[in-house]
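Spelled out, the chains give:
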Amino acid sequence: MVSFAVDWATLSSLGTALGTLVLAVATFASVRAGARAARISEAALEEQRRPVLTHSRLDDPRQKMMFVDQHWVVTDGGRATAEHLNDTIYLALSLRNVGSGMAVCQGWTVDPHFALNESTPHHAPLEHFRTQARDIYVPAGDIGMWQGALRDPDDPVRAVLAEAIDNAQAISIELLYSDLVGRQRTVTRFGLFPSADGWYPSMSRHWHLDSDGPRPEQHIHQASEQIRNHLEASGQLEPGADRGGRARPDDVADIADPKR
């Protein structure tokens, strides 16, 4: 008859270790699930605060805007203003926030040329944006306005922009804005196109600065490169054009005319 001696101390230690391991695995799984739930909740909260600016509709109400020098402009729905008066340039956009959160304008930049996305695939450097001196808020699901002016006679952009406006040439404006707590910074590009009855804005691109956008940048760049190659082959775009590359006047007219 064979007898076995049981080392109860060893078995007890092994049981304790096994129980600790199971508890650690359960705790790790619980922490991961909690972190995932927290990320989902944070993403849902950000979506509730996310602003998305675009041009307003043609049937949106007219808005009247006053500048700091008490100059007034009136901008109808779906329209923009670009005026050169007394060596001052006044710019205004009628906007609609199609996002779910309040938009807070932080800064802006203007390009005296019409910036095609194919020739200008990136927004202006952030250091080129002019700080918004006035608080401008655009509520979610509603219309609002943006305004900016160039008054400094030494501003290198002002003279070129004044010439473009006087000659009724298309220009571009980029707005930098955030949500109500200063996060989710976004840059939106607008083209301003002259017409017989005023200026018409057209939103063309959004850039999310603090997170990935809804469309991968790589895919957008690939699509833009294909269009760029086609425009260069047809002579509508100068080969190698960088920021400031422009379509021919006839092509701009095709884009600008809202009746087409």
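Please refer to the structure higher up on the page.
Residues numbered from 1 in each chain as written. Predicted model: local features only at pLDDT ≥ 70, side-chain atom pairs only at ≥ 80, totals over all residues. Heavy atoms only, no water.

Enquirer: Outline the overall build of the protein chain, supporting the account with residue identities and numerical values.
Expert: Secondary structure assignment for the protein chain yields four helices and twelve strands. The buried share among the 260 residues of the protein chain stands at 40%. For the protein chain, the share of sequence-separated contacts (at least 6 apart) that also reach a separation of at least 24 residues comes to 66%. Accessible surface, the protein chain: about 15,000 Å² in total, of which carbon and sulfur atoms supply 55%. (Helix = DSSP H or I, 4+ residues; strand = E, 2+ residues; numbered from the N terminus. Buried < 20%, exposed > 50% of the residue type's maximum accessible area, 1.4 Å probe, protein only. Contact = heavy atoms within 4.5 Å. Areas by Shrake-Rupley, 256 points an atom, 1.4 Å probe, with all protein chains shown as cover.)

Enquirer: Tell me about the packing of aromatic side chains, residues and numbers included.
Expert: In this description, an aromatic ring pair is defined by two values, namely the gap between the centres and the angle between the planes. All chains considered together, the criterion is met by three aromatic pairs. Geometrically, the ring pair formed by Phe-114 and Phe-193 is edge-to-face, given 5.0 Å between the ring centres and 70° between the ring planes. Of this pair, Phe-114 sits in the loop between strand S6 (103-111) and strand S7 (130-131) while Phe-193 sits in strand S11 (residues 186-195), placing them 79 residues apart in sequence. For the pair Phe-114 and Phe-193, one class covers both residues: buried. Stacked on the ring of Trp-72, the Lys or Arg Lys-64 has its end atom at 4.9 Å from the ring centre. If you follow Arg-130 out to its NZ or CZ, it ends over the ring of Trp-108, 5.4 Å from the centre. (Phe/Tyr/Trp six-rings, centres within 6.5 Å; stacked < 30°, edge-to-face > 60°. Lys NZ or Arg CZ within 6 Å of the ring centre and 35° of its normal.)

Enquirer: Which residues make up the pairing of strand S4 (residues 80-85), and what are the values?
Expert: Sheet topology places S4 next to strand S5 (residues 88-97); six bridges connect them, and they run antiparallel. The residue bridging Leu-85 from the neighbouring strand is Thr-88, located in S5. Connecting the antiparallel pair S4 and S5 is a turn made up of two residues, with Asn-86 showing a positive phi of about 55°. (Pairing = 2+ DSSP bridges.)

Enquirer: Talk me through the environment of Gly-148; I want residue IDs and the actual numbers.
Expert: Its place among the elements puts Gly-148 in strand S9 (residues 143-150). You can call Gly-148 buried: its relative accessible area is 6%. If near-sequence neighbours (up to four positions away) are discounted, Gly-148 is found in contact with Phe-67, Ile-89, Tyr-90, Leu-91 and Trp-108.

Enquirer: An account of the pairing of strand S10 (residues 171-178) is needed here, citing residue identities and associated values.
Expert: Counting buried positions along S10 yields eight of eight residues, so the element is predominantly enclosed. Of the two faces of S10, the one holding Ile-171, Ile-173, Leu-175 and Tyr-177 and the one holding Ser-172, Glu-174, Leu-176 and Ser-178 are both buried throughout. Here S10 runs beside S11; their pairing, made up of seven bridges, is antiparallel. Across the sheet, the residue bridging to Leu-176 is Val-187, located in S11.

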